[in-house]
Amino acid sequence: MAPDEVDAIVEAWQRELPDVDLSPMQVLSRISRLARHLDRARKAAFAAHDVEPWEFDVLSALRRSGAPYRLSPGRLVAETMVTSGTMTNRVDRLVDRGLVERSADPADRRGVLVSLTEAGRRVVDAALEELLGHERAILAALPSDEAARLADTLRTLARSV
């Protein structure tokens, strides 16, 4: 297999620090570099649909929830791992753009529900399709069975941390 940039970096470190185990760098430096490529792909996919990454996160949480595409702010906080104050600000901005709307929670008089509008559904669906195209391009070098094995391996690694 042809060497890549990480091989060159590891080789240089090995030359300078021959007694150090650099094997973690073989895996994690590649993951880090792939993450940068994925971040660029995400930004390009979302920009093509005039959506910021944080907007996509909120809209996709609502879309994944299934019809009627409605969640409480607390559930959105849990889904997107931000603070409640941040979520309030984000929902306000998405309401202003017409991508979500707030309504009273019929099960809790004090509660509020955030719902995906039809415009929000169209935007998140289009942005997801664009993102998947970029992600398919990134994974194109792997046969599907290798991609599946990699997904399993990364799942195991992610669970460990």
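Owing to the predicted nature of the structure, the values given are computational and were not obtained by experimental measurement.

Put simply, helix 3 (residues 53-64) and helix 6 (residues 118-139) touch, their axes get as near as 10 Å, and they point 105° apart. Judged by the angle between their axes, helix 3 and helix 6 are roughly perpendicular. Side by side, helix 3 and helix 6 meet where Phe-56, Leu-59, Ser-60 and Arg-63 of the first sit next to Gly-120, Arg-121, Val-123, Val-124, Asp-125, Ala-127, Leu-128 and Leu-131 of the second. Counted by class, the contact of helix 3 with helix 6 contains 7 nonpolar, 2 polar and 3 charged residues.

When pLDDT is averaged along the chain, the result is 95, and 100% of the positions lie at 70 or above. Least confident of the elements in the chain is strand 3 (residues 108-116), whose mean pLDDT is 92; most confident is helix 3, at 97.

What follows deals with the packing of aromatic side chains. In total, this model carries 1 aromatic pair according to the counting rule given. Aromatic side chains Phe-46 and Phe-56 sit 4.4 Å apart centroid to centroid with 25° between the ring planes, which places their arrangement in the stacked category. Here Phe-46 is found in helix 2 (residues 23-47), whereas its partner Phe-56 is found in helix 3, with 10 residues between them in sequence. Under the relative-accessibility criterion, Phe-46 is labelled buried at 0%. Judged by its relative accessible area of 7%, Phe-56 falls in the buried class.

With that out of the way, let us pick up the sheet that holds strand 3. In spatial order, the strands read 1-3-2; together these 3 strands make up an open sheet with antiparallel pairing. Lying at the two open borders of the sheet, with one neighbouring strand each, are strand 1 (70-71) and strand 2 (100-105). Sheet analysis places strand 2 next to strand 3, joined by 6 bridges and oriented antiparallel. Of the residues in strand 3, the one forming a bridge with Glu-101 is Ser-115. Relative to the sheet, helix 5 (residues 84-96) contacts strand 2 and strand 3, its axis offset from that of strand 2 by approximately 115°.

In this structure, strand 1 lies alongside strand 3, joined through 2 bridges in antiparallel fashion. If you follow Leu-71 over to strand 3, its bridge partner there is Val-114. Where strand 2 hands over to strand 3, the hairpin turn is made up of 2 residues, counted between the paired strands.

Another point: unusual backbone geometry. Cis geometry marks the peptide bond from Ala-67 to Pro-68; its omega dihedral reads 10°. Mapping Pro-68 onto the fold places it in the loop between helix 3 and strand 1. Positive phi outside glycine occurs at Tyr-69, with the angle close to 55°. Inspection of the secondary structure assignment puts Tyr-69 in the loop between helix 3 and strand 1. Residue Met-81 is not a glycine yet carries a positive backbone phi of 55°. Residue position: Met-81 is located in the loop between helix 4 (73-80) and helix 5.

One finds Leu-59, Leu-62 and Leu-76 to be the most contacted residues of the largest nonpolar core, which totals 24 residues. Mapped by element, the contributors of at least two residues to this core are helix 2, helix 3, helix 4, helix 5, strand 3 and helix 6. A per-element tally of this core places helix 3 first, with 6 residues.

Each value, and the rule that gives it
Each chain carries its own residue numbering, running from 1 in the direction its sequence is written. The predicted origin of the model limits local features to residues at a pLDDT of at least 70 and limits the giving and counting of side-chain atom pairs to 80 or more, whereas totals for whole chains, interfaces and linings rest on all residues. Side-chain measures here rest on the full set of heavy atoms in the structure, leaving out hydrogens and waters. Orientation is described by lines fitted to C-alpha atoms, with helices fitted over the stretch in contact, and by angles between N-to-C directions that extend from 0 to 180 degrees. Secondary structure is summarised from DSSP: a helix means a run of H or I of at least four residues, a strand means a run of E of at least two, and numbering begins at the N terminus for each. Just so you know how the angles are binned, under 35 degrees is roughly parallel, over 145 roughly antiparallel, 65 to 115 roughly perpendicular, and the rest oblique. In what follows, residue pairs with any heavy atoms lying within 4.5 Å of each other are defined as contacts. Each residue is assigned to one of three groups, with Ala, Val, Leu, Ile, Met, Phe, Trp, Tyr, Cys and Pro labelled nonpolar, Asp, Glu, Lys and Arg labelled charged, and all others, Gly among them, labelled polar. Note on scores: pLDDT gives the predictor's confidence for each residue, bounded by 0 and 100. Aromatic contacts are taken between Phe, Tyr and Trp rings whose centres are within 6.5 Å, Trp giving its six-membered ring; a plane angle under 30 degrees counts as stacked, one over 60 as edge-to-face, and the others as tilted. Only protein chains enter the calculation, and the probe is 1.4 Å; a residue is then buried if its accessible area is under 20% of its type maximum, exposed if over 50%, and partly exposed in between. Here the rule is simple: two strands pair whenever DSSP picks up at least two bridges between them. Residues grouped as a nonpolar core are buried Ala, Val, Leu, Ile, Met, Phe, Trp, Tyr and Cys residues, joined through side-chain atoms within 4.5 Å.

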